[in-house]
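A closer look at the structure
If you want the building blocks of each chain, they are given just below.
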Amino acid sequence: MKKRIVLYKRLSDALLARLEAQVDVTWVDMTTPDGLARLRDALPGAQGLLGASLRLDGPLLDAAPDLKVISSVSVGIDNYDVPDLTRRGVMLTNTPDVLTETTADTGFALILATARRVVELAGWVRDGQWNKSLGPSHFGTDVHGKTLGIVGMGRIGEALARRGAAGFGMRVLYHSSRPKPDVDARYDAQYRDLDDLLAEADYVCLTVPLNASTEGLIGARELALMKPNAILVNIARGRVVDEAALVEALQARRIRGAGLDVFVQEPLSVDSPLLGLDNVVATPHIGSATHETREAMARCAVDNLLEALAGRRPKNWVNAW
Ligand code: DGY
């Protein structure tokens, strides 16, 4: 008899067919108003779950006593209580590597868009305001040759360092759990304490995972350490930054601007004070959102799930025992 899984993220036809050849699939569309209730109804008897962007905690897991594996279509695992999953004997897998370069591209898109005021000035053209030549009030600030400060030197941090050093001739500083001599050698990068990095960098780019030690990492004190002309870019998780303190710093122009792909509350409310600021570029968590990369992530998640249900050790097993 085939095992049953619950799928709560849409897959391409090819991947769905591959999955259905091996397991019974119960599809739950989480974009419908009763999505969560239908998911809960589908959980009893399910041995696998495949999806993303959903907090899967105690009450939901209690409804899935036969669960063997959660295959998350994400690299981030902040939606899961990993020790609790391990206690329950539920494997958790994620999709690292395949999204590294695309997410680093997003980081640089935000650096460039914020520094060169791309969104604001494109809106200005669209509004018919380009009826004379530009003056200094429309100028941005350079990216090339500046200092890039990367907070979190994992895979994505390193992909940013490579772009900064090789593509834009930037000096690369980074803060991480420890100095990484191989990174220093490859990108002529230098390790810094967080405070020193914040004080020296022109672009501070956050790539850390969200956990107890990174939640609220950048608050009012840290923002006050940044240069007045510096730009903060967040492609990590919204809760790494104290959003209220960031709004204050941006309103007071204590820093130059922010490029933000992630927010404390997603989707971001249209009432967010961030959206009233012309020195903010806000994107809807598009870090890995290209056709190619989302398909690669889904493929990786399907592989992880099928490996786990076959009783083998999946490649990206987060809570391996
Ligand atoms: C990830 O994979 O964690 C991205 O942030 C998308 O959620």
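Scroll up to find the structure this text is about.
Report on the accompanying structure.

What counts, and where the lines are drawn
- Residue positions are given per chain, counted from 1 along the sequence in the order it is written.
- In keeping with the model being predicted, local features are shown solely for residues with a pLDDT of at least 70 and side-chain atom pairs are shown and tallied solely at 80 or more, while totals for entire chains, interfaces and linings include all residues.
- Hydrogens and water are ignored here; the side-chain numbers use all heavy atoms of the structure.
- A single heavy atom is enough: if one lies within 4 Å of a molecule or strand, its residue is considered near that molecule or strand.
- Any N or O atom pair separated by 3.5 Å or less is treated as a polar contact, with the protein-specific requirement of one donor-capable and one acceptor-capable atom, and with residues adjacent in sequence counted only for side-chain atom pairs.
- What sets the accessible areas is the Shrake-Rupley method with a 1.4 Å probe; for residues, cover comes only from the shown protein chains.
- Amino acids outside the nonpolar list (Ala, Val, Leu, Ile, Met, Phe, Trp, Tyr, Cys, Pro) and the charged list (Asp, Glu, Lys, Arg) are all regarded as polar, and Gly is one of them.
- A strand pair is defined by DSSP finding two or more bridges across the two strands.
- Put simply, DSSP H or I for four residues or longer makes a helix, DSSP E for two residues or longer makes a strand, and each gets a number counted from the N terminus.
- The contact criterion used is simple: two residues touch if any of their non-hydrogen atoms lie within 4.5 Å.
- All axes are obtained by fitting lines to C-alpha atoms, using only the stretch in contact for helices, and the reported angles, taken between N-to-C directions, cover 0 to 180 degrees.
- For classification purposes, angles smaller than 35 degrees are called roughly parallel, those larger than 145 roughly antiparallel, those between 65 and 115 roughly perpendicular, and all remaining angles oblique.
- Handedness of a crossing follows from how the near helix is turned relative to the far one, being left-handed for an anticlockwise turn of less than a right angle and right-handed for a clockwise one.

1. Describing the site of the ligand
Residues in contact with the ligand, as listed here, are S74, V75, G76, L99, R237, H285 and M297. For the ligand, an oxygen atom lies 2.7 Å from a polar atom in the backbone of V75. H285 is positioned with one of its side-chain polar atoms (N or O) 2.8 Å from an oxygen atom of the ligand. Protein coverage of the free-state accessible area of the ligand, which is 230 Å², stands at 83%. Here the shell around the ligand is built from residues that sort into 3 nonpolar, 3 polar and 1 charged.

2. Points about the sheet that holds strand β9 (residues 203–206)
Sheet architecture is open: 7 strands sit in the order β8-β7-β6-β9-β10-β11-β12, paired in parallel fashion. The open sheet has two edge strands with one neighbour each: β8 (190–191) and β12 (280–282). Where strand β11 (residues 257–260) meets β12, 3 bridges bridge the pair, whose relative direction is parallel. Residue pairing across strands places A258 opposite V280, the latter belonging to β12. The strands touched by helix α7 (residues 155–168) are β6 (147–151), β7 (171–175) and β9; relative to β6, the strand with the most contacts, the crossing angle is about 175°.

3. As for the packing of helix α5 (residues 100–115) against α7
Taken N-terminus to C-terminus, the directions of α5 and α7 make an angle of 55°; their axes are 8 Å apart at the nearest point. Put simply, α5 runs oblique to α7. For the element pair α5 and α7, the recorded crossing hand is right-handed. Contacts between α5 and α7 involve T100, E101, T103, A104, D105, G107, F108 and L112 on the former and, on the latter, R155, I156, A159, L160, R162, R163, G164 and F168.

4. Considering the sheet that holds strand β3 (residues 48–51)
Here we have 5 strands laid out as an open sheet, ordered β2-β1-β3-β4-β5, and parallel in their pairing. Looking at the sheet topology across the chains shown, the edges are occupied by β2 (23–27) and β5 (91–93). Each strand axis lies, on average, 20° off the axis of its neighbour in the sheet, ignoring direction. One ladder, built from 4 bridges, connects β3 with strand β4 (residues 69–72); its direction is parallel. The partner of G48 across the bridge, within β4, is V69. Against the sheet, helix α1 (residues 13–22) contacts β1 (3–7) and β2, and its axis sits at roughly 125° relative to β2.

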